[in-house]
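Breakdown of the fold
Here are the chains, one letter per residue:
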Amino acid sequence: MTDLVLRDLASLTEMMAAEDFQRTVWGKDDPADNADLMMAIQHEGGLVAGAFDRDRMVAFLFAFPTNDPTAQHSHRLGVHPDAQGQGLGVRMKLYQKDWCLKRGITHVRWTYDPARRANAVLNIHRLGATANTYYRDYYGAMEGINAGMPSDRLLADWELNRTEGAGGEIVDTVSIPADFARLVTEDAAKALSERQRVRAALETAFENGLQIAGFDRDANAYLLARCT
């Protein structure tokens, strides 16, 4: 993908293509964000962007303004299944970072599934986001790749002007499954048990004044430090 282009979506037709893209990534039964809604939010200051290999969309990002003019909420980031593992998630987030800083936006927040390793690697390890808020079953019952499990989410906070990691002495760790998606499809009882274990450990850590400050890829574990 040497000719890859990252840019804002430019028409309703592209927004409609993004609807189909979402179904490919999250499952055909998972409700996609509507094309005309995305277009309206884009016109009001939101970000709807894609990565294109020639005319083919291979990644998608949707984010919108918050009640804080310096903060943006990032709602969706997806990479096409046959383009995953090539760093496109990082590239899309860096595109978002540049887009935001040009508009005076210095924070980006989003929710993500804390049990999925790929999310932790991207959001915490590669981007340097932190987290100290846990939402139980945030979206309620979901379909597609999220079907059958409580939709627990972490709230990630990405400070765009921070040049180093969150800092602070690591005082504890919380491990997560190496492949939660496989557990969900092959052993739902084990997946639910792991969901509940990670939930309990992170909620207790946050209640004790800790935050996620890093992720150890070798150990598949969140690194916890005192909130600063």
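The structure reproduced in this document is the subject of the present report. (Residues numbered from 1 in each chain as written. Predicted model: local features only at pLDDT ≥ 70, side-chain atom pairs only at ≥ 80, totals over all residues. Heavy atoms only, no water.)

**Quick look at the overall build of the protein chain**
In terms of helices and strands, the protein chain carries six helices and ten strands. Here the C-alpha atoms of the protein chain give a radius of gyration of 17 Å, agreeing with the 17 Å that 2.2 N^0.38 yields for 228 residues. Principal axes of the C-alpha set define a box for the protein chain whose edges measure 45 × 40 × 35 Å. For the protein chain, the residues scored as buried account for 47% of the 228 residues in total. (Helix = DSSP H or I, 4+ residues; strand = E, 2+ residues; numbered from the N terminus. Rg over C-alpha atoms; globule rule 2.2 N^0.38 Å. Buried < 20%, exposed > 50% of the residue type's maximum accessible area, 1.4 Å probe, protein only.)

**Focus on the packing of aromatic side chains**
Using the criterion set out here, one finds six aromatic pairs in the structure. Ring centres of Tyr 138 and Tyr 139 lie 4.7 Å apart, and the angle between their planes is 75°; this geometry places the pair in the edge-to-face category. Using a relative accessible area of 39% as the deciding quantity, one classes Tyr 138 as partly exposed. Accessibility expressed as a relative area gives 36% for Tyr 139, which makes it partly exposed. One aromatic cluster in this structure is built from Tyr 135, Tyr 138 and Tyr 139. For Arg 76, the ring lying beneath its charged end belongs to Trp 26, and the centroid distance is 4.6 Å. The ring centre of Trp 110 lies 3.7 Å from the NZ or CZ of Lys 93, which sits over that ring. (Phe/Tyr/Trp six-rings, centres within 6.5 Å; stacked < 30°, edge-to-face > 60°. Lys NZ or Arg CZ within 6 Å of the ring centre and 35° of its normal.)

**A short note on the layout of surface pockets**
Of the volumes computed, that of the largest pocket is approximately 1400 Å³. Trp 26, Leu 77, Gly 78, Ala 118 and Asn 119 are the residues nearest the centre of the largest pocket, which is lined by 45 residues in total. For the lining of the largest pocket, the secondary structure elements donating two or more residues are helix H1 (12-26), strand E4 (71-79), helix H3 (88-101), strand E5 (107-112), helix H4 (117-126) and helix H5 (180-186). It is H4 that contributes the most residues to the lining of the largest pocket, seven residues altogether. Partitioned by chemical class, the residues of the lining of the largest pocket number 21 nonpolar, 13 polar and eleven charged. (1 Å grid on protein atoms, 1.4 Å probe; cavity = no way out; pocket = protein on both sides within 12 Å on 5 of 7 lines; lining within 4 Å. Points joined across faces, edges and corners; volume = space filled by probe spheres on them. Nonpolar A, V, L, I, M, F, W, Y, C, P; charged D, E, K, R; others polar.)

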